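The residues making up each chain are set out below.
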Amino acid sequence: MKKYFSLCAFILLAASIIGCKKDSGGIRIRFTNKSGTDFQQAIADKTSLGNIKNGASTGYILFEKFGTDTGFPDCKFTGILGGVQAVSTSVFYYCGTEKAALKEGAYDIAITIVQVGNVPHFHLLFR
C-alpha cells in the first residue's frame, strides 16, 4: 500500500511539474481585427488565419520567424476584403535598412485598413 501511495504521489508531482512547464518558446502572435469590417481567408506569410470577424482575435499562433520594418510587423498578409483580394501595406516595405527579426515571445498585432490611392490595404500594428 505504501508503494502504491508513493507511486501515486510521484505521478501527481511529475504531472504538476510538466503542467507548470514554461511555454516552449518561439514567436507567438495573436492577430486582432480592428478594421471595422469582417474579412475572410486571412493569411500571414504562409500561415492560414481563416476568417476573422470585426473585433475578434485569433489565438496565439506559433511562427518560426517573423519580421519587422521600422517598428511595424513585416509579413505578407493577405485576405478577402469586401469580396476583393487585399494585401498589406508591407508590400511597400522594400528599403531593407530598418528590417529586423522578432525575438522569442508573445506579441499582439492589430489589423486595420488604410487606403492607398483608392485601394484598401491591411495595415498591421503592434499593440
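Structure shown above.
Presented here is a report on the structure given in the accompanying data block. (Residues numbered from 1 in each chain as written. Predicted model: local features only at pLDDT ≥ 70, side-chain atom pairs only at ≥ 80, totals over all residues. Heavy atoms only, no water.)

The next subject is unusual backbone geometry. Apart from glycine, the bulk of residues carry a negative phi angle, and the bulk of peptide bonds sit in the trans form. Its identity is not glycine, yet Q41 carries a phi of approximately 50°, on the positive side. Positive phi is not limited to glycine here, since T70 has a value of about 55°. By the element assignment, T70 lies in the loop between β5 (67-69) and β6 (72-74). (Helix = DSSP H or I, 4+ residues; strand = E, 2+ residues; numbered from the N terminus.)

The topology assignment puts I27 in strand β1 (residues 27-33). Spatially, the C-alpha atoms of I27 and L102 are 7.4 Å apart, while their sequence positions differ by 75 residues. When sequence neighbours within four positions are dropped, the list of residues in contact with I27 reads I61, L62, F63, E64, K65, F66, L102, K103, E104, G105 and Y107. (Contact = heavy atoms within 4.5 Å.)

Counting residues in each nonpolar core, the largest one holds 21 residues, and the members touching the most others are I29, F31, F66 and F77. Looking at this core, the elements that each hand over two or more residues are β1, β2 (39-44), β3 (47-52), β4 (61-63), β7 (77-81), β10 (105-116) and β11 (119-126). Residues in contact with F66, not counting those within four places in the same chain, are I27, I29, F31, D45, P73, D74, C75, A100, A101, L102 and I109. (Core = buried A, V, L, I, M, F, W, Y, C linked by side-chain atoms within 4.5 Å. Buried < 20%, exposed > 50% of the residue type's maximum accessible area, 1.4 Å probe, protein only.)

Here we take up the pattern of salt bridges. The tally for this structure, following the rule as stated, stands at 4 salt bridges. In this structure, the salt-bridge partner of D38 is K53, at a minimum N-O distance of 4.0 Å. With D38 in the loop between β1 and β2 and K53 in the loop between β3 and β4, this pair connects stretches of sequence that are 15 residues apart. A salt bridge links D69 to K99; the nearest nitrogen and oxygen atoms lie 3.3 Å apart. Within this pair, whereas D69 is found in strand β5, its partner K99 is found in strand β9 (residues 99-101), the two being separated by 30 residues in sequence. Assessed through its relative accessible area of 7%, D69 is described here as buried. Residues joined by salt bridges that share partners form a network here, namely D69, D74 and K99. (Salt bridge = Lys/Arg side-chain N within 4 Å of Asp/Glu carboxyl O.)

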